[in-house]
Structure formats: C-alpha cells, structure tokens
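Observations on the model geometry
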Amino acid sequence: MMQGEHISQEDLGLYAMQALSPEEALAVRTHLAECALCRAELAELSGDLALVALSVEQHPVPEGARQRFLNRVSADSAATTQQAVGLLAAQEAPRRATRTTAIWLPWAAVAALLIAVVSLNMKIASLKEQLSEQSSAALKLEAESSHAQQVLEVLTAPKAQRATLTASKVPAIPTGRAVYLADRGALVLQASNLEHLPEGKTYELWVVPANGASPIPAGLFRPDATGSASLVLPPLPKGIPAKAFAITIERAEGSSVPTAPIILSGAAIGV
C-alpha cells in the first residue's frame, strides 16, 4: 500500500471509490490525517471520479430492491464472514491486482477520454468562430473595393458623357453634374444648391436617349441640409447613349414619365 512515505495512487483511487477493506481504509485515513501531499492527490482523484460519474446515465432503483438486498446481506452474513477472513490473507495479492485493473484503469480511461473530447470541441468551436469572422470581413472588403472601382471607372472613362445641369429661366443657382458611361449603364450625379422639398416630394433624374426614345428614370434623391445631393450607380439599362439629362420634382415614390416643369437640364457632351 505504501510507496516510500506515501500511499500509492492506486490505493488512493480505491479508497475514493470505497473499494478498500475496513482495515485498509483505516490505515489510509490515519495517513491522510498527517500527509498533505496524499490529501491533495486524493482530492484530484475524487474530482476525476466525480466528472466520470456525472457522465453516467442514472436509473431509478426498482421498487423493493433495497429491502431485498438488506435481507440477502443479513441472511448470508453469518455464513460467509468466517470463510472470508480465512481466505483474505492468501488471496490478497491477486485480488489487489485484479481489483486495480478491473476498477481503476477503466475509470481513468473514461475520464481521460472525456477531458480530451471537451478540449477538442472547444478548439473546434474557436476555430469556426475565427473562420466566420475572417470570411465576413473578406466579403465586406471585396464588396467595398468593387463598388469603389466601378465609381472610379465611370468618373475617369474616356467614353463617359458629361453634362452640367442648370436651372431653366432662372438664375443658375442650383447645379448638377452628371457623368455617364452608356455601354455599362453606369451614372454618377452630383448636385448642389437644391431647394428643400416638402414631405411626399422627391427629385428624380432622367436620361434622355440620343435615339429619341422616351426619357429613362435614373433614380430618386433628396438634398441634405446644405442643398447637396448625389446619385451613384443607379440601376440603368446598358448601351443607351444619352442626348441630355434632366431633373424634375415628383411624388415620393417617383414617376415613370417626367412631370413639368424641368428643374435642371443639360446636354450630354462626349462620345
């Protein structure tokens, strides 16, 4: 039982599971009262056994089983006590080895497996979270880069049509500047000094095709507190060269045809 001045780990495990004989258990308790190292080892083993016990599915004891067990123990106690005492000394060594192997090793293996599984699951969850965050950030950067690239191409394309929009028949205070790339259907509008609109009204931009077709609605917008507004890459059909651009005031939901009067207009310049 003793290894040098301390109790072996196997006997501490058997003591924690109450698998020692009364004499052995008494010897262990006496030693534990004076040895802090063995008490610490026993506490760690008890914690491991408790973890394993929590993982075992619990089943209720059948009705009457406890009383039947007590009756059986009482009936067999007198007949077996003397025989057990006589065989104890002769069978101690093989019984100890068998008991240690049959009880301690399976419990220790289950505890080690549980610890490994919990650790692995925690690592997998952490890696999944990191991967999800990195994927989201990459998608966001890709979308922002693509949008910025489209705006830059429209503003710098040699084939882009440009126009300066001014107010009709009044001092040219409100202004707008449009850059349009017909083959891509891409347009960027910047306006300034626009009048504020009442609720339920909005500005609408129109592309007037060079082939004489009806004006194409190009998007709705409202100015900020300074009268400035912009319209960037609204959805437009591709391959329609513009003759001119115009801005009207429409209902909040917009219109399919321009409503007079035209607030700003300008001819397209370029290819």
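What counts as what
- Residues numbered from 1 in each chain as written.
- Predicted model: local features only at pLDDT ≥ 70, side-chain atom pairs only at ≥ 80, totals over all residues.
- Heavy atoms only, no water.
- Buried < 20%, exposed > 50% of the residue type's maximum accessible area, 1.4 Å probe, protein only.
- Helix = DSSP H or I, 4+ residues; strand = E, 2+ residues; numbered from the N terminus.
- Pairing = 2+ DSSP bridges.
- Phe/Tyr/Trp six-rings, centres within 6.5 Å; stacked < 30°, edge-to-face > 60°.
- Salt bridge = Lys/Arg side-chain N within 4 Å of Asp/Glu carboxyl O.
- Arc of directions from axis to C-beta.
- Core = buried A, V, L, I, M, F, W, Y, C linked by side-chain atoms within 4.5 Å.
- Contact = heavy atoms within 4.5 Å.
- UniProt positions renumbered as here; feature names shortened; annotations may be inferred.

Looking at an unreviewed UniProt entry, one finds the chain named Regulator of SigK, with Granulicella mallensis as its source organism.

Of all nine residues that make up strand 6 (residues 201–209), seven are buried, and the element is covered over most of its length. Sheet topology places strand 6 next to strand 9 (residues 242–251); nine bridges connect them, and they run antiparallel. Directly across from Lys201, in strand 9, lies its bridge partner Arg251. Note that strand 6 and strand 7 (residues 216–221) share five bridges and pair antiparallel. Following the sheet pairing, Val207 is matched in strand 7 by Ile216.

The subject of this paragraph is the packing of aromatic side chains. Aromatic ring pairs are reported here in terms of the distance separating the ring centres and the angle at which the planes meet. All told, the structure shown has two aromatic pairs when counted by the stated rule. Note on Tyr180 and Phe245: the rings are 5.7 Å apart at their centroids and 75° apart in plane angle, and the pair reads as edge-to-face. With Tyr180 in strand 4 (residues 175–181) and Phe245 in strand 9, this pair connects stretches of sequence that are 65 residues apart. Of the two residues examined, Tyr180 and Phe245, each falls in the buried class. Consider the rings of Tyr203 and Phe221, whose centres lie 5.7 Å apart with planes at 20°: the pair is stacked. Here Tyr203 is found in strand 6, whereas its partner Phe221 is found in strand 7, with 18 residues between them in sequence. Like Tyr203, the residue Phe221 is buried in the burial classification.

With respect to the helices and strands, the residue Ile173 is situated in the loop between strand 3 (161–167) and strand 4. Its relative accessible area of 54% is what places Ile173 among the exposed residues.

This part is about helix 1 (residues 9–16). Of all the positions in helix 1, only Asp11, Leu12, Gly13, Leu14 and Tyr15 are classed as buried. Following helix 1 by one or two positions, Gln18 has its phi on the positive side, about 60°.

Moving on: the pattern of salt bridges. This structure, assessed with the given rule, holds two salt bridges. In this structure, Glu153 and Arg184 form a salt bridge, with 2.0 Å as the shortest nitrogen-oxygen distance. With Glu153 in helix 4 (residues 65–156) and Arg184 in the loop between strand 4 and strand 5 (186–192), this pair connects stretches of sequence that are 31 residues apart. When its relative accessible area of 26% is taken as the criterion, Glu153 is described as partly exposed. One salt bridge connects Glu253 with Arg251, and the closest N-O pair in it is separated by 2.9 Å. You can call Glu253 exposed: its relative accessible area is 57%. Taking relative accessible area as the criterion, Arg251 reaches 47% and is therefore assigned partly exposed.

Turning our eyes to something else, we now look at helix 2 (residues 22–32). Here helix 2 has its buried residues at Glu24, Ala25, Val28, His31 and Leu32. Down the axis, helix 2 shows its buried residues gathered within 125° of arc, on one side only. The exposed set on the far side of helix 2, more than 90 degrees from its buried face, consists of Pro22 and Glu23.

Counting residues in each nonpolar core, the largest one holds 24 residues, and the members touching the most others are Leu205, Val207, Phe221 and Phe245. Listed by contribution, the elements that provide at least two residues to this core are strand 3, strand 4, strand 5, strand 6, strand 7, strand 8 (229–232) and strand 9. Not counting residues within four places of it along the chain, the set of residues in contact with Phe245 comprises Ala163, Leu165, Ala178, Tyr180, Leu187, Leu205, Trp206, Val207, Leu264, Ser265, Gly266 and Ala268.

Within the UniProt annotation, "domain: Putative zinc-finger" (unreviewed entry) is assigned to residues 9–39. Structurally, residues 9–39 is divided into 74% helix and 0% strand, and its ends, taken at the C-alpha atoms, are 11 Å apart.

Let us now look at unusual backbone geometry. Of the consecutive residues Ala260 and Pro261, the connecting peptide bond is found in the cis state with omega at 5°. Position of Pro261 relative to the elements: it lies in the loop between strand 9 and strand 10 (262–267). For Asn193, which is not glycine, the phi dihedral falls at a positive 60°. Looking at where Asn193 falls in the secondary structure, it is placed in the loop between strand 5 and strand 6. In the Ramachandran plot, Leu233 falls in the positive-phi region, its phi being about 50° despite a non-glycine side chain. Note on placement: Leu233 falls in the loop between strand 8 and strand 9.

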